[in-house]
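Fold and contact review
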Amino acid sequence: MFIFAGRSKNRAGHHFTRKAHFPYWSFGATFKGKIQMTCLNESFSIESAHLMLLEPNTPYQIEILSPSSEIYTYFIPDTKIERFLNWPRPYPGVRILKLAAKTKSSLQITEALEEMFHHSNGVHPDRLTFAENSLERALLLAHLINPNQQQARLDARIVQVMNFIESDISTPITLKQLAGKAHLSPSRFTYLFNAQTGKTPMEYVEERRLTEAQKILVATNKTIGEISEICGFQNQFHFSTRFRKYTGKSPGHFRHNPSE
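Described below are features of the structure shown in this document. Residue positions are given per chain, counting from 1 as you read along its sequence in written order. The predicted origin of the model limits local features to residues at a pLDDT of at least 70 and limits the giving and counting of side-chain atom pairs to 80 or more, whereas totals for whole chains, interfaces and linings rest on all residues. Excluded from the side-chain calculations are hydrogens and water; all other atoms, namely the structure's heavy atoms, are used.

Some thoughts on the packing of helix α7 (residues 201-219) against helix α9 (residues 236-247)
Each packed pair of helices is defined by two parameters, the angle between the axes and the distance between the axes. Orientation of α7 relative to α9, taken along the N-to-C sense of each, is 95°, at an axis distance of 11 Å. As summarised for this structure, α7 and α9 are arranged roughly perpendicular, according to the angle between their axes. Between α7 and α9, the contacting residues are Glu 206, Glu 207, Leu 210, Thr 211, Ala 213, Gln 214 and Leu 217 on the first element and Phe 239, Arg 242, Phe 243, Tyr 246 and Thr 247 on the second. When residues are sorted by character, Ala, Val, Leu, Ile, Met, Phe, Trp, Tyr, Cys and Pro go into the nonpolar class, Asp, Glu, Lys and Arg into the charged class, and all the rest, Gly among them, into the polar class. Broken down by class, the residue content of the contact of α7 with α9 amounts to 6 nonpolar, 3 polar and 3 charged. To define axes, lines are fitted to C-alpha atoms, for helices over the stretch in contact only, and angles between the resulting N-to-C directions are given on a 0 to 180 degree scale. A helix here means a DSSP run of H or I that spans at least four residues, while a strand means a run of E at least two residues long, and both kinds are numbered starting from the N terminus. Orientation categories follow fixed angle ranges, with anything under 35 degrees roughly parallel, anything over 145 roughly antiparallel, 65 to 115 roughly perpendicular, and all other angles oblique. Contact criterion: two residues are considered in contact whenever any of their non-hydrogen atoms come within 4.5 Å of each other.

Description of the side chain of Ser 106
On the secondary structure map, Ser 106 appears in helix α1 (residues 104-120). Residue burial is assigned from relative accessible area. The probe radius is 1.4 Å, only protein chains are included, and a residue is buried under 20% of its type maximum, exposed over 50%, and partly exposed in between. Taking the relative accessible area as the measure of exposure, Ser 106 reaches 5% and is therefore buried. Discounting chain neighbours no more than four positions away, the residues touching Ser 106 are Leu 99, Ala 100 and Ala 101.

Some details on the packing of aromatic side chains
Two aromatic rings, drawn from Phe, Tyr or Trp (for Trp, its six-membered ring), form a pair once their centres lie within 6.5 Å of each other, and the interplanar angle then sorts them: stacked below 30 degrees, edge-to-face above 60, tilted otherwise. If you walk through the whole model with that rule in mind, you get 14 aromatic pairs. Where Phe 193 meets Tyr 204, the ring centres are 5.5 Å apart and the plane angle is 70°; that geometry is what we call edge-to-face. You can see Phe 193 sitting in helix α6 (residues 186-197) and its partner Tyr 204 sitting in helix α7, a full 11 residues away along the chain. Both residues of the pair, Phe 193 and Tyr 204, belong to the buried class. Judged by centre distance (5.5 Å) and plane angle (80°), the rings of Phe 243 and Phe 254 are edge-to-face. Of the two residues, Phe 243 sits in helix α9 while Phe 254 sits in helix α10 (residues 251-256), which places them 11 residues apart along the sequence. Three or more aromatic residues link up through ring pairs in this structure, and these residues are Phe 4, Phe 22, Tyr 24, Tyr 72 and Tyr 74. Directly above the ring of Phe 117 sits Arg 7, whose terminal nitrogen or CZ lies 4.6 Å from the centroid. Only when the NZ of Lys or the CZ of Arg is both within 6 Å of the ring centre and within 35 degrees of the ring normal is a charge said to sit over the ring. The ring centre of Phe 22 lies 3.9 Å from the NZ or CZ of Arg 18, which sits over that ring.

Right, dumping it as structure tokens:
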């Protein structure tokens, strides 16, 4: 739930204190300047191009060391975005991400935060809903550059294979072919892929195909046979058998009752 957004420009020497028992998450983006922060007896400095999350009930003091500019917000995360808050936590109650200068991701995050601020301080009757949407977009974009997220921990060779699988799910794929993309033997590749994803390579391929099939079933009028071919299955019978095992429903039943 979105609570409030603001923008601050402070001169050097400015002080601010937040006492304990503040029940909301705080999210700030520092675009300029340098601040000294003391949080639960830990002192540290933060320069421009940083994003910071402060956990609820975290007391802190801030001193502005050089003229600063930031956008900040207070919010209560809904369950669907809680997992996007797992940023690096170098200090108690404080989570920080560094923005690389002038990259596409940093520009997109900045744009989302600017939109959040303008929506929240506008006059539209649904301004807070729009502001909350912009905040969620900023957090989703931050998730993509978060070193704690799973994709960042995956071996680069596994990521390369995943991207290859996503590029064309309709073409038959063999274990040997995937291992070749990773420049590993099939046995070594299978071990590494399973260790990092919890699935064998071919289990992952089938899961992606079946997930895509669910989307096509609901979004189009294509026949079961057409969807089977699009998603890379040998034939319609094989597709229907694997789909039922994966979802517990036949493709036709799923199409008409996807929410069951």
